[in-house]
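As a plain string of letters, each chain reads:
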Amino acid sequence: MTKVKVGDRLIGWSTNEEVRSNGGSGGLVTAVFAAALEKGLVDNVVVLEKANQFEAVPIITDSVEDVFNSAGSMHMLISNQTKYLQQFKNEASIALAVKPCDMRGIREQQKRNTIDSDKIFTVGLNCGGTMAPFKIREVVESVYEVDPDQVKGEEIEKGKLIIETFDGEHHSHSIDDLEVDDHGRRENCRYCTVKIATNSDLACGNWGVIGELSGRGTYVEVMTEKGAEFLQNAIDMKFAEVVEAPEKGTEIRGKVNGVMLKMAANTHKEVFKPIEGDKLEDLRKELENCIHCGACKEVCPVCACGVDAKCNKYYDPTDDYDISLYHLIRFLHLSDSCIGCGQCTDVCPADIPLTRLYRRFANPVQEELDYMPGMDDRTPPFFLTKLEELE
Amino acid sequence: MTKTIKFSENVYTTVCPGCGFGCGVYLRELMPEGENHILNIDYRKPSPVNEGKLCRFGVKLPEYFEQTEYNSDSFETGLNEKHMEAIKKAADALKGVKSSEIALVSAGNTTNEEHMAFINLGKTLNTPVNTCVNHVYKDIGKLHVYTSGNVSYSEIENAKKIYLFVNPYVSYPLLTRRLVHAKRKGAEIVYFGLKKLPIACKNVKTKPCESLYEVDEFKPDSETVIISDITPYTNSKRISEIVEIANPEKTEAKLLFMKPFVNSTGAGHLSRHSKQKTIQNIIKGIEDGTIRVLFCLDTDIINMCLNPEVENVLKKVETLIVMSSTITPICEIADVLIETEPFYKKEGTVVNSERRIIPMSSTLDNPIRAGFNQINEIIKAVGGNAKSFEDTKEEILSEFGIEKVDEFKIPEVSIKKYDVEKVSDKLEVCCPADEPDTNAKFIYELNPFMWHNRKDENDYIEISPEFISEIKLIKGHTADINCACKSINKTLRYKPTDMENGYIFSQKKQPFAKAPVAKVNIKPTPLVKKQ
Ligand SMILES: Cc1cc2nc3c(=O)[nH]c(=O)nc-3n(C[C@H](O)[C@H](O)[C@H](O)COP(=O)(O)OP(=O)(O)OC[C@H]3O[C@@H](n4cnc5c(N)ncnc54)[C@H](O)[C@@H]3O)c2cc1C
Ligand code: SF4
């Protein structure tokens, strides 16, 4: 095969049979990471240290073996990798797998100079949505009637959440049905409009892998020069093999993506129905249980304000405003940059549907400005200093 | 890509030490080669307790640990000379006095494993481990059955009626979301207190000393979940009345008593058969010289007490041994200080307020058990039989009647009745009740920041808008508050809050109030004319 180049659409897999079968769809991503480490293209890879099927933590490693052991997809790891990466303060070179919203956060931080794109290599994983581990644990017990400790693996296929138990049995339920009771994907995932991480170096997923390669290969779209270099390296080092993606596969990938986006648009319409009555009172009610823990700011992948943030500066705990300035400032401040990743909702100790509230402000602003944060290379519209002008 | 710093990383799956709620959290320890470690938290979303959410104390855990931990790397290679020297001194002091002259205190700020080893030390020395919250029971044998957790947090969500005696927003913030869920499902939430809480459907004015027999709205039945708490400052009469009126055996009402320290429930359970002293008795014993050695395991009595004079009393004890994972005020005055690894590095279990046994682990190949090993070394030095970590774990499992730790299942524990000394059921007030020169009652809202003596931006008082008008506080200015005897005065910012007139609430320890409820005088700070 000729050298890998930007724009290539390929199907790839790991040459290591164990990795290939443990991988989410053929182990290509693992192979690319392992080869990059071996060659010294990066010093570290972020792998997942799994406690069980419901619990894993990202952790860096420089061991190829750890990378091999981390093959597979975790649909219940719902944190955003942006904050994780920021801990390293650009002092480490790191390769990592990212969901589209992880990458959107990273891209926004690159614009804010907190993450150096030269120091990271990203493989984007297509993402149809993630699920909160505590909810799925409950569902496994109550809907699947399976002991959660007996779960060996989980998989999403054709709109179904399939649970595999240690006895080899497969138990499946339609995700749509689970979502009726808010037990499927997180709400923001249901209306998310980026399913393929074309904002990363390599965009990988199983959509479009057909025929005998189905389940044993990954569809990869080469998005950047770095992506081409890393994939070529894995092939050269015999960690991975690739073939050109068949046209039919590409067509299917596009179609599935289209269906998913249509579903997301429908959910979007439903979630963001215009508020009837007093909008301000509605907002006040939603926020009345806030305990001002600040977790929503801590986890926000696009916030880069630090401790002197405006939302904190203008918030005084002795104020008795009906709606705290902390939230009002954040809603406005993030309206150009919110990526709708759901992190704020996930960590709120009062279960305030924060992402929904942020999006209420962000939807019209981003539409009006024709700006999609994390997918758009332009400087955030509210910035005074424009990256484009500096260049 | 350019070559950069080498990093390694440990992740500790641990529990927030802020309060007895038992929130699961990951503590991330990032170690850049040749530099100090950097701590960060990750939200532990699979935790059955908090599902990844934390309160404002939990969110700041990295800062808490960074500011209070001892050099934690020093524990990774086992106990060093400095540790062994402190252990020897502690053992010598314990051996030099009679059993009755020793007081061992562990309120539940460490693991079950360390607490159990401490009990073993107590057995060797023939003295009990005191947990310090026992003073609240009027009749411990009767009440303990109900106060050790008999309803889970998820049961709160399905309750039809919830009677609240704690302000969840301040004292146990993670209760808030459980209550939000319950309300969404149609629960009627009634708050018995002096504030108006947004979460409550009904706020029933109930004074701290008021008898519940006189509160008509307190009518628990089989559909009621009652949430209160037990702290070193709880009014024991209130607890007795809750249990008496609710009479769970008859009405089937459910009771949840929140606890202030991460392992208060575990420590309380493991120490349940011992004849314990109250904290007041211990302080009295030090004052009259009957207690000569006080050994505190991760329990800072200075932080715990609202009255700062306790520090001077502690200085009087012949030997104060402090074993601590955090740098706290009591460490400063200790005669023997045994430093241990920070809480997040501990391996073992804790039991939260709903009686869930939660494991703590790490990605380390060799777990650090410095605290546990240090207690064992002391046991050996005083001539006892130290038990291995594994045997201690087994013993704990058997105490809880389970075969393995499973944080997703709350074990049924039959709690036997036991005795402690009876104490006064009156709520302490710092000044005589009929003090003429006071115009308000000051009440503490206990919370993790207060228990752990942490810097807190909530350094203000809360007061009703009507009271603000009455005493003519000026907007944007401060209030001056002094205690009834006028010896202590402090200027504080105030927040108008929907609450009862004539009361003042504070989430922070204030020098003018040395008891949970205190009579004070409040007035506007005089406006000083600018030159
Ligand atoms: C949450 C999620 C949803 C997905 N949804 C779709 C979909 O709808 N359609 C589709 O075509 N493909 C989807 N994928 C991608 C697909 O499952 C495979 O990951 C992809 O095809 C690459 O397969 P692989 O065998 O080459 O990867 P592997 O060799 O298995 O490597 C995957 C790498 O990703 C890491 N990883 C796993 N889970 C996560 C996570 N949650 N966050 C960050 N890193 C992680 C692993 O540690 C490993 O390093 C999804 C993946 C995830 C994680
Ligand atoms: S202090 Fe209590 S409520 Fe707050 S995070 Fe810690 S354990 Fe949870």
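Residues numbered from 1 in each chain as written. Chains lettered and ligands numbered in written order. Predicted model: local features only at pLDDT ≥ 70, side-chain atom pairs only at ≥ 80, totals over all residues. Heavy atoms only, no water.

J.: I tried to follow the overall build of chain B on my own but got confused; where do I start?
T.: If you tally the helices and strands in chain B, you get 18 helices and 21 strands. For chain B, whose C-alpha radius of gyration is 23 Å, the value lies close to the compact-globule estimate of 24 Å for 531 residues. Dimensions of chain B, computed from the C-alpha atoms along their principal axes, are close to 70 × 65 × 60 Å. Across the 531 residues that make up chain B, the buried fraction comes to 63%. In chain B, the proportion of contacts linking residues at least 24 apart, taken out of those at least 6 apart, comes to 75%. Summing over all exposed atoms, chain B offers an accessible surface of approximately 20700 Å²; the carbon and sulfur share of this is 47%. Here chain B contributes 71 positive and 73 negative side-chain charges, whose respective centroids are spaced 4 Å apart. (Helix = DSSP H or I, 4+ residues; strand = E, 2+ residues; numbered from the N terminus. Rg over C-alpha atoms; globule rule 2.2 N^0.38 Å. Buried < 20%, exposed > 50% of the residue type's maximum accessible area, 1.4 Å probe, protein only. Contact = heavy atoms within 4.5 Å. Areas by Shrake-Rupley, 256 points an atom, 1.4 Å probe, with all protein chains shown as cover. Lys, Arg positive; Asp, Glu negative; His and termini not counted. Charge placed at Lys NZ, Arg CZ, Asp CG, Glu CD.)

J.: So what exactly am I meant to see when it comes to the site of ligand 1 here?
T.: Residues and elements named next belong to chain A. Lining the immediate environment of ligand 1, one finds 27 residues, of which S25, G27, T30, G72 and N206 sit closest. The backbone of V29 places a nitrogen or oxygen atom 2.9 Å from an oxygen atom of ligand 1. At 2.9 Å from an oxygen atom of ligand 1 is found a main-chain nitrogen or oxygen belonging to W207. Its free accessible area being 890 Å², ligand 1 has 96% of it covered by the protein chains. Element by element, the count of residues in the shell around ligand 1 is highest for helix α2 (residues 28-39), at three residues. (Near = heavy atom within 4 Å. Polar contact = N/O pair within 3.5 Å; in protein donor to acceptor, adjacent residues only side chain to side chain.)

J.: How should I be thinking about the packing of aromatic side chains in this particular structure?
T.: The geometry of an aromatic ring pair comes down to the distance between the two centres and the angle between the two planes. Scanning the entire structure with this criterion turns up 25 aromatic pairs over all chains. Ring plane angle 65° and centroid distance 6.3 Å describe the contact between Y315(A) and Y326(A), whose orientation is recorded as edge-to-face. Pair noted here: Y315(A) is in the loop between α13 (310-313) and α14 (325-333) and Y326(A) is in helix α14, with a separation of 11 residues, a long-range link. What makes Y315(A) buried here is its relative accessible area of 16%. The exposure class of Y326(A) is buried, given its relative accessible area of 4%. Pairwise contacts between aromatic rings join Y12(B), F57(B), Y64(B), F65(B), Y344(B) and F449(B) into one cluster. (Phe/Tyr/Trp six-rings, centres within 6.5 Å; stacked < 30°, edge-to-face > 60°.)

J.: Teacher, can you tell me more about the sheet that holds strand β6 (residues 161-164) of chain B here?
T.: Hydrogen bonding along the main chain pairs the strands of a sheet, whether they run parallel or antiparallel. Residue and element names in this part refer to chain B. Spatial ordering of the open sheet is given by β8-β7-β6-β9-β10, a layout of five strands whose pairing is parallel. The sheet is open, and its two borders are formed by β8 (202-205) and β10 (254-258), each paired with just one other strand. In this sheet, neighbouring strand axes are inclined to one another by 20° on average, regardless of whether the strands run parallel or antiparallel. Taken together, the five bridges between strand β9 (residues 224-229) and β10 define a ladder with parallel strand orientation. Across the sheet, I226 pairs through a bridge with L255, a residue of β10. (Pairing = 2+ DSSP bridges. Axes fitted to C-alpha atoms, helices over the stretch in contact; angles between N-to-C directions.)

J.: Is there a simple way to think about the domain arrangement of chain B in this case?
T.: Many authors give the size of an interface as the accessible area that is lost as the parts come together. Residue and element names in this part refer to chain B. On domain assignment, one finds that chain B holds domain 1 (7-68), domain 2 (81-133 + 264-399), domain 3 (137-258) and domain 4 (440-524). For domain 1 versus domain 3, the separation of C-alpha centres amounts to 30 Å. At the interface, 11 residues of domain 1 touch eight residues of domain 3. Overall, the association of domain 1 and domain 3 removes approximately 790 Å² of surface from exposure, summing both partners, and the carbon and sulfur fraction of that is 68%. (Domains from an automatic or database assignment. Buried area = accessible area lost by both parts, 1.4 Å probe.)

J.: Would you explain the nonpolar core in this entry?
T.: All names here are of chain B. Ranked by internal contacts, the top residues of the largest apolar core, which has 56 residues, are L294, I301, L314, I330, F512 and I522. Split by domain, this core shows at least three residues from each of two domains, domain 2 (81-133 + 264-399) and domain 4 (440-524). When residues no more than four places from it in sequence are discounted, the contact partners of I522 are N439, A440, I461, I463, F467, I471, L473, A479, D480, I481 and I504. Counting residues in hydrophobic clusters, the runner-up holds 55 residues, among them V15, L61, Y153 and L174. (Core = buried A, V, L, I, M, F, W, Y, C linked by side-chain atoms within 4.5 Å.)

J.: Even after reading the chapter, I still don't get the interface of chain B and chain A, so can you show me in this structure?
T.: Each partner contributes to the interface: chain B provides 48 residues, whereas chain A provides 55 residues. Roughly 4200 Å² is buried in total at the junction of chain B and chain A, and carbon and sulfur atoms are behind 54% of that figure. At the surface where chain B touches chain A, the tally comes to five salt bridges. Here R493(B) and D316(A) are joined by a salt bridge, their closest N and O atoms 2.9 Å apart. Counting every contact that joins chain B to chain A gives 19 residue pairs in polar contact (both at pLDDT 80 or more). Residue assignment for the side of chain B that touches chain A shows that the elements contributing at least two residues are β1 (7-15), β2 (24-32), β3 (38-43), α1 (56-59), α7 (175-184) and β19 (489-496) of chain B. It is α7(B) that contributes the most residues to the side of chain B that touches chain A, five residues altogether. The class makeup of the residues in the side of chain B that touches chain A is 21 nonpolar, nine polar and 18 charged. (Salt bridge = Lys/Arg side-chain N within 4 Å of Asp/Glu carboxyl O. Nonpolar A, V, L, I, M, F, W, Y, C, P; charged D, E, K, R; others polar.)

J.: Whenever I open this one, the pairing of strand β21 (residues 517-524) of chain B confuses me. Can you help?
T.: Sheet faces and side chains relate simply in a regular strand, where the side chains alternate between the two faces. All names here are of chain B. Note that strand β16 (residues 440-444) and β21 share four bridges and pair antiparallel. Its bridge partner lying in β21, A440 is registered against V520. Pairing analysis gives five bridges linking strand β18 (residues 479-483) to β21, with the strands arranged antiparallel. When the sheet's bridge partners are listed, A479 is paired in β21 with P524.

J.: Quick question: what am I supposed to make of the pattern of salt bridges here?
T.: As a working rule, side chains carrying opposite charge can pair if their charged atoms are close by. Under the definition given, this model contains 57 salt bridges over all chains. The salt bridge partner of E221(A) is R9(A), with a shortest N-O separation of 3.1 Å. In this pair, E221(A) sits in strand β10 (residues 218-222) while R9(A) sits in strand β1 (residues 9-14), placing the two residues 212 residues apart along the sequence. For R9(A), a relative accessible area of 33% corresponds to the partly exposed category. The shortest N-O distance in the salt bridge between E462(B) and K195(B) comes to 2.8 Å. Of this pair, E462(B) sits in strand β17 (residues 460-463) while K195(B) is found in the loop between β7 (188-193) and β8, placing the two residues 267 residues apart along the sequence. On the basis of relative accessibility, which here comes to 7%, the residue E462(B) falls in the buried class. On the basis of relative accessible area, K195(B) is assigned to the buried category, the value being 6%. Salt bridges sharing partners connect three or more residues here, namely K135(A), E179(A), D182(A), R185(A) and R190(A).

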